[in-house]
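Structural characterization, general
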Amino acid sequence: MRKSIFVKYFTVITSIILVCLTILGTLLISFSAQYWVNDKQEMLTRNAKSLAGIMGDLALNNSQIQWDVKEQQYSLYFSPYSIPESMNTAIGVMASTSNSDVRIIGPNGKTLLFATYNSKINPDDMLQKEIPTDVAEKSLVGSSYTVGRLGDNYTETYYTAGEPIKAGDAGVVGAVLLSTPTGDLSGYIGDNLRMFLLAAVLVLILSFLATYALTYQMAKPLRQMVLAARKFGEGDFSTKIPVNNQDEVAELAIALNNMASSLASVEGMRRSFVANVSHELRTPMTTIGGFIDGILDGTIPEEKQEQYLRTVSDEIKRLSRLVRSMLDISRMEAGELKINPSVFSLPDMVMRVFFSCENLISEKNIEVRGLENLPDIRVKADPDRIHQIIFNLVDNAIKFTNEGGYIAITIREENGWVYFTIRNSGRGIARADLGKIFERFYKTDKSRSLDKKGVGLGLFIVRMLMQLHGGDITARSVEGEYAEFEFWLPAMKPEPEKPAKIERTGKGEKPPKESQ
(Lines give C-alpha, C1' and ligand atoms only; values in the text may rest on other atoms or scores of the structure.)
Protein backbone atom coordinates (compact mmCIF):
# COMPACT_ATOMS: atom_id res chain seq x y z
CA MET A 1 0.00 0.00 0.00
CA ARG A 2 1.49 3.33 -1.07
CA LYS A 3 1.89 5.95 1.63
CA SER A 4 2.21 9.61 0.76
CA ILE A 5 5.08 11.60 2.19
CA PHE A 6 2.51 13.60 4.16
CA VAL A 7 1.30 10.47 5.94
CA LYS A 8 4.90 9.36 6.56
CA TYR A 9 5.93 12.70 8.01
CA PHE A 10 2.82 12.95 10.15
CA THR A 11 3.17 9.37 11.41
CA VAL A 12 6.86 9.75 12.25
CA ILE A 13 6.50 13.09 14.03
CA THR A 14 3.41 11.91 15.94
CA SER A 15 5.20 8.73 17.00
CA ILE A 16 8.17 10.77 18.22
CA ILE A 17 5.87 13.01 20.26
CA LEU A 18 4.10 9.99 21.80
CA VAL A 19 7.40 8.32 22.69
CA CYS A 20 8.72 11.54 24.21
CA LEU A 21 5.57 12.01 26.27
CA THR A 22 5.74 8.39 27.44
CA ILE A 23 9.37 8.76 28.52
CA LEU A 24 8.60 12.11 30.14
CA GLY A 25 5.62 10.66 32.02
CA THR A 26 7.61 7.66 33.22
CA LEU A 27 10.44 9.84 34.48
CA LEU A 28 8.01 12.28 36.08
CA ILE A 29 6.12 9.55 37.96
CA SER A 30 9.37 7.86 38.97
CA PHE A 31 10.94 11.07 40.25
CA SER A 32 7.69 12.10 41.96
CA ALA A 33 7.43 8.76 43.74
CA GLN A 34 11.04 8.94 44.84
CA TYR A 35 10.54 12.51 46.01
CA TRP A 36 7.43 11.47 47.97
CA VAL A 37 9.30 8.58 49.63
CA ASN A 38 12.27 10.78 50.53
CA ASP A 39 10.00 13.52 51.81
CA LYS A 40 8.02 11.02 53.87
CA GLN A 41 11.26 9.61 55.34
CA GLU A 42 12.53 13.06 56.23
CA MET A 43 9.18 14.02 57.77
CA LEU A 44 8.96 10.83 59.88
CA THR A 45 12.57 11.14 61.02
CA ARG A 46 12.15 14.82 61.87
CA ASN A 47 8.90 14.20 63.79
CA ALA A 48 10.41 11.20 65.59
CA LYS A 49 13.38 13.29 66.73
CA SER A 50 11.09 16.08 67.86
CA LEU A 51 8.82 13.74 69.83
CA ALA A 52 11.81 11.87 71.30
CA GLY A 53 13.12 15.15 72.68
CA ILE A 54 9.72 16.06 74.14
CA MET A 55 9.30 12.61 75.67
CA GLY A 56 12.74 12.74 77.25
CA ASP A 57 12.03 16.07 78.91
CA LEU A 58 8.54 15.00 80.09
CA ALA A 59 9.78 11.71 81.46
CA LEU A 60 12.61 13.41 83.36
CA ASN A 61 10.50 16.23 84.76
CA ASN A 62 7.65 13.93 85.84
CA SER A 63 9.88 11.21 87.32
CA GLN A 64 8.77 8.64 84.79
CA ILE A 65 12.16 6.99 84.92
CA GLN A 66 13.03 4.01 87.04
CA TRP A 67 16.05 1.70 87.47
CA ASP A 68 15.40 -1.72 86.08
CA VAL A 69 17.35 -3.99 88.39
CA LYS A 70 16.98 -6.99 86.15
CA GLU A 71 18.09 -5.20 82.96
CA GLN A 72 20.57 -2.98 84.88
CA GLN A 73 19.41 0.15 83.06
CA TYR A 74 17.03 3.07 83.37
CA SER A 75 13.74 2.78 81.55
CA LEU A 76 10.54 4.66 81.11
CA TYR A 77 7.95 3.69 83.64
CA PHE A 78 4.25 4.37 83.18
CA SER A 79 1.34 3.34 85.34
CA PRO A 80 -2.23 3.72 84.15
CA TYR A 81 -2.59 6.72 86.43
CA SER A 82 0.82 8.32 86.18
CA ILE A 83 0.94 9.32 82.49
CA PRO A 84 1.03 13.08 82.38
CA GLU A 85 -1.63 14.78 80.33
CA SER A 86 1.04 16.73 78.48
CA MET A 87 2.64 13.49 77.33
CA ASN A 88 -0.65 12.11 76.07
CA THR A 89 -1.31 15.40 74.34
CA ALA A 90 2.09 15.45 72.64
CA ILE A 91 1.68 11.90 71.38
CA GLY A 92 -1.87 12.48 70.13
CA VAL A 93 -0.94 15.71 68.32
CA MET A 94 2.01 14.04 66.63
CA ALA A 95 -0.13 11.12 65.50
CA SER A 96 -2.87 13.29 64.02
CA THR A 97 -0.67 15.91 62.38
CA SER A 98 1.70 13.43 60.71
CA ASN A 99 -0.94 10.79 59.88
CA SER A 100 1.24 8.29 61.73
CA ASP A 101 1.03 5.64 64.41
CA VAL A 102 3.16 6.63 67.44
CA ARG A 103 4.82 4.04 69.68
CA ILE A 104 6.84 4.54 72.80
CA ILE A 105 8.98 1.48 73.56
CA GLY A 106 11.19 0.72 76.50
CA PRO A 107 14.78 -0.54 76.44
CA ASN A 108 13.50 -4.10 76.23
CA GLY A 109 11.52 -3.34 73.05
CA LYS A 110 8.09 -3.57 74.71
CA THR A 111 5.46 -1.07 73.62
CA LEU A 112 4.61 1.25 76.54
CA LEU A 113 2.32 3.73 74.78
CA PHE A 114 0.54 3.68 71.42
CA ALA A 115 -1.45 6.37 69.64
CA THR A 116 -2.93 6.30 66.11
CA TYR A 117 -4.72 8.60 63.70
CA ASN A 118 -6.58 5.61 62.21
CA SER A 119 -9.88 4.88 63.95
CA LYS A 120 -9.87 1.35 62.57
CA ILE A 121 -6.88 0.36 64.67
CA ASN A 122 -7.41 -0.74 68.31
CA PRO A 123 -4.59 0.72 70.50
CA ASP A 124 -5.01 -2.01 73.13
CA ASP A 125 -4.35 -4.70 70.54
CA MET A 126 -1.24 -2.89 69.29
CA LEU A 127 0.15 -2.72 72.86
CA GLN A 128 0.17 -6.53 72.96
CA LYS A 129 2.12 -6.99 69.72
CA GLU A 130 5.87 -7.41 69.62
CA ILE A 131 8.23 -5.11 67.79
CA PRO A 132 10.92 -6.91 65.73
CA THR A 133 14.13 -7.10 67.76
CA ASP A 134 16.35 -5.62 65.04
CA VAL A 135 14.03 -2.59 64.63
CA ALA A 136 13.91 -2.01 68.41
CA GLU A 137 17.69 -2.32 68.76
CA LYS A 138 18.40 0.11 65.93
CA SER A 139 15.90 2.65 67.33
CA LEU A 140 17.42 2.50 70.83
CA VAL A 141 20.94 3.04 69.47
CA GLY A 142 20.25 5.84 66.98
CA SER A 143 18.10 6.96 64.07
CA SER A 144 16.54 4.09 62.12
CA TYR A 145 14.29 3.75 59.10
CA THR A 146 12.60 0.57 57.89
CA VAL A 147 10.01 -0.43 55.34
CA GLY A 148 7.81 -3.38 56.14
CA ARG A 149 4.99 -4.70 58.32
CA LEU A 150 6.82 -4.50 61.69
CA GLY A 151 6.53 -8.22 62.18
CA ASP A 152 2.84 -8.97 62.61
CA ASN A 153 1.83 -5.44 63.64
CA TYR A 154 0.36 -4.57 60.23
CA THR A 155 -1.19 -6.34 57.28
CA GLU A 156 0.32 -3.93 54.73
CA THR A 157 3.65 -2.21 54.24
CA TYR A 158 4.52 0.78 56.46
CA TYR A 159 7.37 3.28 56.62
CA THR A 160 8.75 3.38 60.17
CA ALA A 161 11.23 5.90 61.60
CA GLY A 162 12.76 5.40 65.06
CA GLU A 163 14.62 7.73 67.41
CA PRO A 164 16.03 7.05 70.94
CA ILE A 165 14.59 8.90 73.98
CA LYS A 166 17.37 10.42 76.07
CA ALA A 167 16.60 11.64 79.59
CA GLY A 168 19.55 13.59 81.02
CA ASP A 169 22.10 11.53 82.93
CA ALA A 170 19.89 8.49 82.69
CA GLY A 171 20.80 8.23 79.01
CA VAL A 172 18.59 6.27 76.61
CA VAL A 173 15.46 5.23 78.42
CA GLY A 174 13.36 4.18 75.42
CA ALA A 175 12.56 4.98 71.81
CA VAL A 176 9.91 6.62 69.66
CA LEU A 177 8.62 4.82 66.54
CA LEU A 178 6.49 6.64 63.94
CA SER A 179 4.81 4.50 61.27
CA THR A 180 2.79 5.55 58.24
CA PRO A 181 1.30 3.33 55.50
CA THR A 182 2.88 3.25 52.06
CA GLY A 183 -0.60 3.15 50.54
CA ASP A 184 -0.62 6.93 50.54
CA LEU A 185 2.06 6.77 47.80
CA SER A 186 -0.42 5.16 45.41
CA GLY A 187 -2.86 7.99 45.90
CA TYR A 188 -0.08 10.54 45.42
CA ILE A 189 1.11 8.84 42.23
CA GLY A 190 -2.47 8.54 41.01
CA ASP A 191 -3.06 12.27 41.47
CA ASN A 192 0.17 13.11 39.64
CA LEU A 193 -0.65 10.65 36.87
CA ARG A 194 -4.10 12.17 36.33
CA MET A 195 -2.63 15.66 36.10
CA PHE A 196 0.05 14.48 33.71
CA LEU A 197 -2.44 12.66 31.49
CA LEU A 198 -4.63 15.75 31.32
CA ALA A 199 -1.66 17.90 30.36
CA ALA A 200 -0.43 15.24 27.89
CA VAL A 201 -3.82 15.12 26.15
CA LEU A 202 -3.77 18.90 25.71
CA VAL A 203 -0.18 18.77 24.45
CA LEU A 204 -1.03 15.94 22.03
CA ILE A 205 -3.99 17.83 20.61
CA LEU A 206 -1.90 20.96 20.07
CA SER A 207 0.99 18.87 18.72
CA PHE A 208 -1.25 16.99 16.29
CA LEU A 209 -2.67 20.25 14.96
CA ALA A 210 0.76 21.86 14.65
CA THR A 211 2.27 18.70 13.12
CA TYR A 212 -0.57 18.41 10.63
CA ALA A 213 -0.19 22.02 9.53
CA LEU A 214 3.61 21.81 9.36
CA THR A 215 3.65 18.49 7.51
CA TYR A 216 1.01 19.69 5.07
CA GLN A 217 3.06 22.81 4.31
CA MET A 218 6.22 20.72 3.91
CA ALA A 219 4.55 18.27 1.54
CA LYS A 220 2.71 20.92 -0.49
CA PRO A 221 5.72 22.00 -2.64
CA LEU A 222 6.59 18.35 -3.18
CA ARG A 223 3.09 17.70 -4.51
CA GLN A 224 3.49 20.71 -6.80
CA MET A 225 6.81 19.28 -8.01
CA VAL A 226 5.19 15.91 -8.74
CA LEU A 227 2.45 17.55 -10.82
CA ALA A 228 5.02 19.70 -12.65
CA ALA A 229 7.24 16.67 -13.32
CA ARG A 230 4.29 14.81 -14.82
CA LYS A 231 3.63 17.73 -17.15
CA PHE A 232 7.32 17.85 -18.05
CA GLY A 233 7.09 14.17 -18.95
CA GLU A 234 4.13 14.97 -21.23
CA GLY A 235 6.17 17.62 -23.02
CA ASP A 236 4.59 20.68 -21.36
CA PHE A 237 7.47 22.79 -20.01
CA SER A 238 5.44 25.93 -19.40
CA THR A 239 4.53 24.97 -15.82
CA LYS A 240 6.52 26.79 -13.16
CA ILE A 241 6.77 25.69 -9.53
CA PRO A 242 6.20 28.59 -7.10
CA VAL A 243 9.17 29.31 -4.81
CA ASN A 244 8.22 30.92 -1.50
CA ASN A 245 11.10 29.94 0.81
CA GLN A 246 14.87 29.70 0.84
CA ASP A 247 15.38 26.15 2.08
CA GLU A 248 16.52 22.95 0.36
CA VAL A 249 13.02 22.28 -1.04
CA ALA A 250 13.04 25.76 -2.61
CA GLU A 251 16.45 25.01 -4.13
CA LEU A 252 15.00 21.82 -5.62
CA ALA A 253 12.04 23.78 -7.02
CA ILE A 254 14.43 26.32 -8.58
CA ALA A 255 16.48 23.48 -10.06
CA LEU A 256 13.34 21.90 -11.56
CA ASN A 257 12.25 25.27 -12.99
CA ASN A 258 15.69 25.72 -14.53
CA MET A 259 15.55 22.19 -15.88
CA ALA A 260 12.15 22.92 -17.44
CA SER A 261 13.55 26.05 -19.08
CA SER A 262 16.51 24.09 -20.39
CA LEU A 263 14.26 21.31 -21.67
CA ALA A 264 12.00 23.86 -23.34
CA SER A 265 15.04 25.41 -25.00
CA VAL A 266 16.33 21.99 -26.07
CA GLU A 267 12.90 21.06 -27.39
CA GLY A 268 12.77 24.30 -29.37
CA MET A 269 16.24 23.61 -30.74
CA ARG A 270 15.21 20.06 -31.62
CA ARG A 271 12.15 21.21 -33.51
CA SER A 272 14.16 23.89 -35.23
CA PHE A 273 16.84 21.35 -36.06
CA VAL A 274 14.32 18.93 -37.56
CA ALA A 275 12.70 21.75 -39.54
CA ASN A 276 16.05 23.03 -40.80
CA VAL A 277 17.31 19.58 -41.73
CA SER A 278 14.06 18.84 -43.52
CA HIS A 279 14.32 22.11 -45.43
CA GLU A 280 17.99 21.63 -46.29
CA LEU A 281 17.34 18.09 -47.49
CA ARG A 282 14.12 18.86 -49.36
CA THR A 283 15.47 21.74 -51.42
CA PRO A 284 18.40 19.93 -53.14
CA MET A 285 16.43 16.70 -53.45
CA THR A 286 13.59 18.56 -55.17
CA THR A 287 16.09 20.19 -57.53
CA ILE A 288 17.84 16.89 -58.26
CA GLY A 289 14.59 15.02 -58.81
CA GLY A 290 13.16 17.74 -61.06
CA PHE A 291 16.24 18.00 -63.27
CA ILE A 292 16.67 14.23 -63.60
CA ASP A 293 12.98 13.77 -64.45
CA GLY A 294 13.34 16.56 -67.02
CA ILE A 295 16.27 14.81 -68.61
CA LEU A 296 14.55 11.42 -68.60
CA ASP A 297 11.27 12.59 -70.11
CA GLY A 298 12.99 14.83 -72.67
CA THR A 299 11.70 18.13 -71.26
CA ILE A 300 15.30 19.39 -71.01
CA PRO A 301 16.89 19.45 -74.45
CA GLU A 302 20.05 17.42 -74.99
CA GLU A 303 22.30 20.44 -75.50
CA LYS A 304 21.39 21.75 -71.98
CA GLN A 305 21.58 18.42 -70.19
CA GLU A 306 25.25 18.86 -69.26
CA GLN A 307 24.48 22.22 -67.61
CA TYR A 308 21.67 20.70 -65.55
CA LEU A 309 23.75 17.65 -64.66
CA ARG A 310 26.41 19.99 -63.24
CA THR A 311 23.71 21.56 -61.11
CA VAL A 312 22.62 18.12 -59.98
CA SER A 313 26.26 17.30 -59.14
CA ASP A 314 26.57 20.51 -57.05
CA GLU A 315 23.39 19.69 -55.15
CA ILE A 316 24.61 16.15 -54.48
CA LYS A 317 27.88 17.58 -53.12
CA ARG A 318 25.85 19.94 -50.98
CA LEU A 319 23.86 17.01 -49.60
CA SER A 320 27.08 15.16 -48.95
CA ARG A 321 28.50 18.12 -47.03
CA LEU A 322 25.30 18.38 -45.01
CA VAL A 323 25.33 14.68 -44.10
CA ARG A 324 29.05 14.78 -43.28
CA SER A 325 28.58 17.85 -41.09
CA MET A 326 25.68 16.24 -39.24
CA LEU A 327 27.72 13.09 -38.67
CA ASP A 328 30.60 15.17 -37.31
CA ILE A 329 28.24 16.99 -34.96
CA SER A 330 26.71 13.72 -33.79
CA ARG A 331 30.15 12.22 -33.11
CA MET A 332 31.35 15.32 -31.26
CA GLU A 333 28.25 15.52 -29.08
CA ALA A 334 28.55 11.81 -28.28
CA GLY A 335 32.24 12.28 -27.40
CA GLU A 336 33.31 9.82 -30.10
CA LEU A 337 35.29 12.27 -32.25
CA LYS A 338 38.92 12.12 -31.20
CA ILE A 339 41.67 14.48 -32.27
CA ASN A 340 45.08 13.24 -33.41
CA PRO A 341 47.53 15.99 -32.50
CA SER A 342 50.87 16.48 -34.18
CA VAL A 343 53.30 19.37 -34.53
CA PHE A 344 52.98 21.53 -37.67
CA SER A 345 53.48 25.10 -38.85
CA LEU A 346 50.28 27.12 -38.59
CA PRO A 347 51.36 29.79 -41.15
CA ASP A 348 52.16 27.08 -43.74
CA MET A 349 48.67 25.63 -43.33
CA VAL A 350 47.13 29.10 -43.76
CA MET A 351 49.11 29.61 -46.96
CA ARG A 352 47.93 26.27 -48.38
CA VAL A 353 44.31 27.15 -47.65
CA PHE A 354 44.61 30.50 -49.44
CA PHE A 355 46.35 28.91 -52.42
CA SER A 356 43.44 26.45 -52.75
CA CYS A 357 41.02 29.41 -52.82
CA GLU A 358 43.08 31.53 -55.24
CA ASN A 359 40.54 31.40 -58.06
CA LEU A 360 37.66 32.55 -55.87
CA ILE A 361 39.79 35.39 -54.49
CA SER A 362 40.76 36.52 -57.99
CA GLU A 363 37.16 36.45 -59.24
CA LYS A 364 36.13 39.00 -56.58
CA ASN A 365 39.38 40.98 -56.86
CA ILE A 366 40.01 40.59 -53.10
CA GLU A 367 43.22 41.92 -51.53
CA VAL A 368 44.80 39.51 -49.05
CA ARG A 369 46.80 41.22 -46.32
CA GLY A 370 49.26 39.85 -43.79
CA LEU A 371 50.34 36.59 -45.43
CA GLU A 372 53.81 37.96 -46.10
CA ASN A 373 54.35 38.89 -42.41
CA LEU A 374 53.15 35.74 -40.66
CA PRO A 375 55.55 34.59 -37.91
CA ASP A 376 56.75 31.02 -37.96
CA ILE A 377 54.67 29.59 -35.13
CA ARG A 378 54.27 25.87 -34.69
CA VAL A 379 51.37 24.29 -32.84
CA LYS A 380 50.51 20.82 -31.61
CA ALA A 381 47.01 20.03 -32.81
CA ASP A 382 45.05 17.84 -35.23
CA PRO A 383 46.19 19.20 -38.65
CA ASP A 384 43.12 17.88 -40.50
CA ARG A 385 40.69 19.55 -38.08
CA ILE A 386 42.65 22.82 -37.96
CA HIS A 387 42.71 22.82 -41.78
CA GLN A 388 38.91 22.32 -41.71
CA ILE A 389 38.54 25.26 -39.31
CA ILE A 390 40.76 27.63 -41.27
CA PHE A 391 39.21 26.64 -44.60
CA ASN A 392 35.72 27.27 -43.24
CA LEU A 393 36.70 30.71 -41.94
CA VAL A 394 38.51 31.66 -45.19
CA ASP A 395 35.61 30.38 -47.31
CA ASN A 396 33.12 32.46 -45.27
CA ALA A 397 35.36 35.52 -45.55
CA ILE A 398 35.53 35.19 -49.34
CA LYS A 399 31.74 34.78 -49.60
CA PHE A 400 30.96 37.91 -47.60
CA THR A 401 33.79 40.20 -48.72
CA ASN A 402 32.65 42.97 -51.04
CA GLU A 403 33.99 43.23 -54.62
CA GLY A 404 37.48 44.76 -54.45
CA GLY A 405 37.57 44.40 -50.65
CA TYR A 406 40.22 42.84 -48.45
CA ILE A 407 40.92 39.92 -46.15
CA ALA A 408 43.50 40.46 -43.39
CA ILE A 409 45.29 37.64 -41.56
CA THR A 410 47.30 37.86 -38.33
CA ILE A 411 48.90 35.17 -36.15
CA ARG A 412 50.49 35.89 -32.79
CA GLU A 413 51.59 34.10 -29.65
CA GLU A 414 50.70 35.66 -26.32
CA ASN A 415 50.60 34.44 -22.70
CA GLY A 416 50.82 30.77 -23.64
CA TRP A 417 48.18 30.94 -26.42
CA VAL A 418 48.40 31.13 -30.21
CA TYR A 419 45.84 33.51 -31.76
CA PHE A 420 44.64 33.38 -35.37
CA THR A 421 42.59 36.37 -36.59
CA ILE A 422 40.86 36.80 -39.95
CA ARG A 423 39.08 40.04 -40.89
CA ASN A 424 37.17 40.78 -44.10
CA SER A 425 35.64 43.98 -45.37
CA GLY A 426 31.99 44.10 -46.32
CA ARG A 427 28.65 44.69 -44.72
CA GLY A 428 29.65 42.94 -41.49
CA ILE A 429 27.36 41.12 -39.08
CA ALA A 430 24.33 42.74 -37.48
CA ARG A 431 24.44 43.15 -33.71
CA ALA A 432 21.32 40.98 -33.35
CA ASP A 433 23.03 38.16 -35.29
CA LEU A 434 26.44 38.37 -33.63
CA GLY A 435 25.47 36.26 -30.61
CA LYS A 436 23.75 33.56 -32.69
CA ILE A 437 26.16 32.88 -35.55
CA PHE A 438 27.68 29.85 -33.76
CA GLU A 439 24.28 28.13 -33.41
CA ARG A 440 23.20 25.25 -35.63
CA PHE A 441 21.62 26.18 -38.96
CA TYR A 442 21.81 29.88 -38.15
CA LYS A 443 22.50 31.95 -41.24
CA THR A 444 22.90 35.72 -41.33
CA ASP A 445 22.35 35.66 -45.10
CA LYS A 446 18.76 34.51 -45.03
CA SER A 447 18.15 35.68 -48.58
CA ARG A 448 21.01 33.44 -49.84
CA SER A 449 22.25 36.28 -52.04
CA LEU A 450 25.85 35.71 -50.88
CA ASP A 451 25.88 32.17 -49.45
CA LYS A 452 23.97 29.87 -51.76
CA LYS A 453 25.60 26.60 -50.77
CA GLY A 454 25.94 26.93 -46.99
CA VAL A 455 23.66 25.10 -44.57
CA GLY A 456 24.47 27.03 -41.39
CA LEU A 457 26.55 24.33 -39.69
CA GLY A 458 30.08 25.51 -40.46
CA LEU A 459 30.62 27.91 -37.57
CA PHE A 460 28.87 25.57 -35.16
CA ILE A 461 31.32 22.81 -36.09
CA VAL A 462 34.24 25.23 -35.91
CA ARG A 463 33.45 26.14 -32.30
CA MET A 464 33.05 22.51 -31.26
CA LEU A 465 36.36 21.58 -32.90
CA MET A 466 38.09 24.48 -31.18
CA GLN A 467 36.74 23.40 -27.81
CA LEU A 468 37.97 19.86 -28.46
CA HIS A 469 41.46 21.37 -28.84
CA GLY A 470 41.15 23.27 -25.56
CA GLY A 471 40.58 26.64 -27.25
CA ASP A 472 37.63 28.67 -28.47
CA ILE A 473 36.52 31.19 -31.11
CA THR A 474 34.84 34.57 -30.98
CA ALA A 475 33.45 37.07 -33.49
CA ARG A 476 33.51 40.87 -33.72
CA SER A 477 31.95 43.14 -36.30
CA VAL A 478 31.12 46.73 -37.24
CA GLU A 479 28.14 46.88 -39.59
CA GLY A 480 29.03 48.29 -42.99
CA GLU A 481 32.78 47.98 -42.32
CA TYR A 482 34.09 44.53 -41.44
CA ALA A 483 33.58 41.14 -39.75
CA GLU A 484 36.35 39.50 -37.73
CA PHE A 485 36.81 36.02 -36.35
CA GLU A 486 39.53 35.00 -33.90
CA PHE A 487 40.35 31.58 -32.49
CA TRP A 488 43.03 30.59 -30.04
CA LEU A 489 44.91 27.39 -29.25
CA PRO A 490 47.22 26.47 -26.39
CA ALA A 491 50.79 27.26 -27.42
CA MET A 492 53.14 24.31 -27.80
CA LYS A 493 55.31 23.92 -24.73
CA PRO A 494 59.02 23.80 -25.49
CA GLU A 495 60.61 20.42 -24.89
CA PRO A 496 63.30 20.35 -22.18
CA GLU A 497 66.85 20.29 -23.43
CA LYS A 498 68.50 16.90 -23.42
CA PRO A 499 71.62 16.64 -21.25
CA ALA A 500 74.94 16.28 -23.03
CA LYS A 501 76.19 12.74 -23.43
CA ILE A 502 78.87 11.67 -20.94
CA GLU A 503 81.74 9.48 -22.05
CA ARG A 504 82.34 6.80 -19.52
CA THR A 505 85.84 5.39 -19.00
CA GLY A 506 87.29 3.03 -16.49
CA LYS A 507 88.92 5.90 -14.58
CA GLY A 508 86.06 8.38 -14.52
CA GLU A 509 83.77 10.55 -16.65
CA LYS A 510 84.45 13.48 -18.94
CA PRO A 511 82.30 15.56 -21.34
CA PRO A 512 82.60 14.91 -25.08
CA LYS A 513 85.35 16.75 -26.94
CA GLU A 514 84.37 19.76 -28.95
CA SER A 515 84.73 19.42 -32.69
CA GLN A 516 87.65 21.37 -34.10
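Refer to the structure presented above.
Now for a quick tour of the structure. (Residues numbered from 1 in each chain as written. Predicted model: local features only at pLDDT ≥ 70, side-chain atom pairs only at ≥ 80, totals over all residues. Heavy atoms only, no water.)

1. Re the overall build of the protein chain
To keep it simple, the criterion reads: Elements are defined by DSSP. Helices are runs of H or I of four residues or more, strands are runs of E of two residues or more, and each kind is numbered from the N terminus. Relative accessibility decides the category of a residue: with a 1.4 Å probe and only protein chains considered, values under 20% of the type maximum give buried, values over 50% give exposed, and everything between is partly exposed. Contacts were defined at the residue level, with two residues in contact if any of their heavy atoms lie within 4.5 Å. Areas reported here follow the Shrake-Rupley algorithm with a probe of radius 1.4 Å; residue values treat only the protein chains shown as occluding.
The number of helices and strands found in the protein chain is 12 helices and 16 strands. Evaluated residue by residue, the protein chain yields a buried proportion of 38% over its 516 residues. A separation of at least 24 residues holds for 64% of the contacts in the protein chain among residues at least 6 apart in sequence. As presented, the protein chain carries roughly 31,200 Å² of accessible surface, and 55% of it is formed by carbon and sulfur atoms.

2. Considering the nonpolar core
Selection rule: Nonpolar core, defined: a set of buried Ala, Val, Leu, Ile, Met, Phe, Trp, Tyr and Cys residues in which side-chain atoms within 4.5 Å join the residues together.
Among the nonpolar cores identified, the biggest contains 48 residues, and Ile390 and Phe485 are the most heavily contacted of them. Here Ile390 is in contact with Leu346, Met349, Val350, Val353, Phe420 and Phe487, once residues within four sequence places are set aside. Ranked by size, the runner-up nonpolar core spans 26 residues in total, among them Leu44, Ile91, Ala161 and Leu185.

3. Digging into the pattern of salt bridges
Where we set the bar: Take a side-chain nitrogen of Lys or Arg and a carboxyl oxygen of Asp or Glu: if they are within 4 Å of each other, that pair is a salt bridge.
All chains considered together, the criterion is met by 11 salt bridges. Its salt-bridge partner being Lys110, residue Glu130 comes within 2.8 Å of it at the nearest N-O pair. One end of the pair, Glu130, is in the loop between helix H3 (123-128) and helix H4 (133-141); the other, Lys110, is in the loop between strand E3 (101-105) and strand E4 (111-115), with 20 residues separating them in the sequence. Glu130 gets classed as partly exposed once you look at its relative accessible area, which sits at 43%. One salt bridge in this structure joins Lys399 and Asp395, with 3.2 Å as the shortest N-O distance. Placement of the pair is Lys399 and Asp395 together in helix H10 (residues 383-400), with a separation of four residues, close to one helical turn.

4. Re the packing of aromatic side chains
The test is simple: Classification of ring pairs rests on two measures: the distance between centres of Phe, Tyr or Trp rings, Trp counted by its six-membered ring, which must be within 6.5 Å, and the angle between planes, read as stacked under 30 degrees, edge-to-face over 60 and tilted in between. Two conditions define a charge located above a ring, namely a distance within 6 Å from the ring centre to NZ of Lys or CZ of Arg, and an angle within 35 degrees of the ring normal.
If you walk through the whole model with that rule in mind, you get seven aromatic pairs. Centroid distance Phe438 to Phe485: 6.3 Å. Interplanar angle 85°. Geometry classified as edge-to-face. Here Phe438, found in the loop between helix H11 (431-434) and helix H12 (458-468), pairs with Phe485, found in strand E14 (residues 482-490); they are 47 residues apart in sequence, far enough to count as distant. For the pair Phe438 and Phe485, one class covers both residues: buried. One aromatic cluster in this structure is built from Trp36, Tyr145 and Tyr159. Positioned above the aromatic ring of Tyr482 is the side chain of Arg423, whose terminal nitrogen or guanidinium carbon lies 3.9 Å from the ring centre. Across from the ring centre of Phe438, 4.3 Å away, lies the NZ or CZ of Arg463, which sits over that ring.

5. Brief notes about unusual backbone geometry
Look at Leu150: it is not a glycine, yet its phi comes out positive at around 50°. In this structure, Leu150 sits in the loop between strand E5 (144-148) and strand E6 (158-166).

6. Some remarks on the environment of Leu24
Locating Leu24 in the fold gives a position in helix H1 (residues 5-61). Judged by its relative accessible area of 48%, Leu24 is partly exposed. Along the primary structure Leu24 and Phe196 are separated by 172 residues, whereas in three dimensions their C-alpha atoms are 9.6 Å apart.

7. A closer look at the pairing of E3
For clarity, the threshold we go by: When DSSP finds two or more bridges between a pair of strands, those strands are recorded as paired.
With respect to burial, E3 is a largely interior element, five of its five residues being buried. Side-chain alternation along E3 places Asp101, Arg103 and Ile105 on one buried face and Val102 and Ile104 on a second face that is also buried. As judged from the five bridges shared by E3 and strand E7 (residues 172-181), these two strands associate in the antiparallel manner. Within E7, the position partnered with Val102 by the bridge is Leu178. Sheet topology note: the E3/E4 ladder contains four bridges and is antiparallel. Each residue of the ladder has a partner; that of Arg103, found in E4, is Phe114. Linking two consecutive strands that pair antiparallel, namely E3 and E4, is a turn of five residues; a positive phi of about 85° is found at Gly109 within it.

8. Remarks on the sheet that holds E4
Going by this rule: Think of each axis as a best-fit line through the C-alpha atoms, taken over the contacting stretch in the case of a helix, with angles from 0 to 180 degrees between the N-to-C directions.
Across the sheet, which stays open at both edges, the five strands sit in the order E4-E3-E7-E6-E5 with antiparallel pairing between neighbours. Looking along the sheet, the strands with just one partner apiece sit at the ends: E4 and E5. The average undirected angle you get between the axes of adjacent strands in this sheet is 20°.

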